[in-house]
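So the chains spell out like this:
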Amino acid sequence: LPACRDSKLFIKDLHFDEVPVRIYLPRVPSASKQRGVIFFHGGCGMFGSIRSYERICRYIARKSDSVVVSVGYRLSPEYKYPAQTLDCLTATVHFLKTAENYGVDPDRIIVCGDSAGGAFTATVCQELVNRRDIPKIRAQVLIYPFLQALNFNLPSHQKNAFTAFLSRERTVRFILKYLNKDSSMKEAILAGSHVPESMNLKYRKWINPDFIPEIFKLGYKPPLPTSFLPHVHEETKELLETRLSPLLAEDAVVCCLPDTCIITCQHDVLRDDGLLYKKRLEDNNVKVTWHHMEEGFH
């Protein structure tokens, strides 16, 4: 949908430091400064747009009586990773610095995104924890986020391996496409052959089926051991960087993150990414609100 007239909102297309955004401002003047929401759409970094999330952003702006900024980051494969994350970061910093120009309280801005947008949200919040020159993000909202590419054999990957729309196999195929990598490595990554044993040992304290509540582990079978393939690891090192896998960030970063809302869905391969991040945040004394959609899907 193009930006068009709305009885309750002023809608404008702008650029924040060359990143296209669409901003939704409530028409009714507020007695005090308003809240702000920065929204990153989903679509594996390759699909989606400001236009395709028009209804959602209008809904958020109306229902929360907030100024919403929808970010039109550049898409892969035309624009190589990490252009998508960098655009989200640029737009966020710009809005934090200029919020008052739009009647927004810079101390009441949240960042929000679904799926890949949830990954960008987590990454942006992590990358800004040590910035002292801009206001702090008030909270982050992660809607069924993608948060790690180390282990594709968690209980939710097994249970929802063949779920329509986002199967386990399609998830890895999309990630490889997003990174402009050869799709022939898909099976090796699904098996976990891209991760050195030393990394598996290091990150077992955070990415581990033992941390998934028993109610979500019905029918789970631990995967068989696989051989490490150094050439696959070399070709796909980005998968294990915190910019792509924010669940791998150190505790020194995680403990500084803002209040968090995580939304997970029962019929979703990415469900356990959200559950594991919830645990990490809580272990680091970050306030977390969790909503689980029992019949929800990605």
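Residues numbered from 1 in each chain as written. Predicted model: local features only at pLDDT ≥ 70, side-chain atom pairs only at ≥ 80, totals over all residues. Heavy atoms only, no water.

## Some thoughts on the overall build of the protein chain
Here is the rule we go by: Numbering goes from the N terminus for both helices and strands, where a helix is a DSSP run of H or I of at least four residues and a strand is a run of E of at least two. We take the radius of gyration over the C-alpha atoms and set the globule estimate at 2.2 Å times the residue count to the 0.38 power. Categorising residues by exposure relies on relative accessible area from a 1.4 Å probe, with only protein chains included: less than 20% of the type maximum marks a residue as buried, more than 50% marks it as exposed, and the intermediate range marks it as partly exposed. In this count, Lys and Arg are taken as positive residues and Asp and Glu as negative ones, while His and the chain termini are left out. Throughout, a charge is located at the NZ atom of Lys, the CZ atom of Arg, the CG atom of Asp or the CD atom of Glu.
Per the secondary structure count, the protein chain includes ten helices and eight strands. Computed over C-alpha atoms, the radius of gyration of the protein chain comes to 19 Å, within 12% of the 19 Å expected from 2.2 N^0.38 for 298 residues, which places it in the range of a compact globule. Structurally, the protein chain occupies a C-alpha span of about 60 × 40 × 40 Å along its principal axes. Taking all 298 residues of the protein chain together, 56% fall into the buried category. The protein chain carries 39 positive and 34 negative side-chain charges, and their two centres are separated by 4 Å.

## Here we look at the side chain of threonine 123
Inclusion rule: The contact rule is simple, with two residues in contact once any of their heavy atoms fall within 4.5 Å.
Tracing the backbone shows threonine 123 in helix 3 (residues 116-127). Not counting chain neighbours up to four residues away, the residues in contact with threonine 123 comprise Thr85, Thr242, Arg243 and Pro246.

## Quick notes on the pairing of strand 6 (residues 139-143)
The criterion, for reference: Should DSSP find at least two bridges between two strands, the strands are taken to pair.
For strand 6, a buried count of five out of five residues is recorded, marking the element as mostly surrounded by other parts of the structure. Neither face of strand 6 is open: one carries Ala139, Val141 and Ile143, the other Gln140 and Leu142, and all of them are buried. With five bridges joining them, strand 5 (residues 104-114) and strand 6 adopt parallel strand pairing. What sits directly across from glycine 113, in strand 6, is leucine 142.

## So, the packing of aromatic side chains
As a reminder, the rule being used: For Phe, Tyr and Trp, where Trp contributes only its six-membered ring, two rings pair if their centres lie within 6.5 Å, and the inter-plane angle classes them as stacked under 30 degrees, edge-to-face over 60, or tilted in between. Cation placement over rings: the criterion is NZ of Lys or CZ of Arg within 6 Å of the ring centroid and within 35° of the ring normal.
Within this structure, the stated rule accounts for nine aromatic pairs. Seen from their ring centres, phenylalanine 16 and phenylalanine 95 are 6.1 Å apart, and the 15 degrees between their planes marks the pair as stacked. With phenylalanine 16 in strand 1 (residues 9-16) and phenylalanine 95 in helix 2 (residues 83-98), this residue pair connects regions lying 79 residues apart in the sequence. No difference in accessibility class separates phenylalanine 16 from phenylalanine 95, as the two residues are buried. Note on tyrosine 203 and tryptophan 206: the rings are 5.8 Å apart at their centroids and 35 degrees apart in plane angle, and the pair reads as tilted. Residue classification places tryptophan 206 among the buried residues on the basis of a relative accessible area of 8%. Every member of this aromatic cluster is reached through a ring pair, and the members are Phe16, Phe95 and Tyr102. Here the basic side chain of lysine 279 rests over the ring of phenylalanine 211, its NZ or CZ set 4.5 Å away from the ring centre. The positively charged end of arginine 280 is found above the aromatic ring belonging to tryptophan 206, 3.6 Å away from the centroid.

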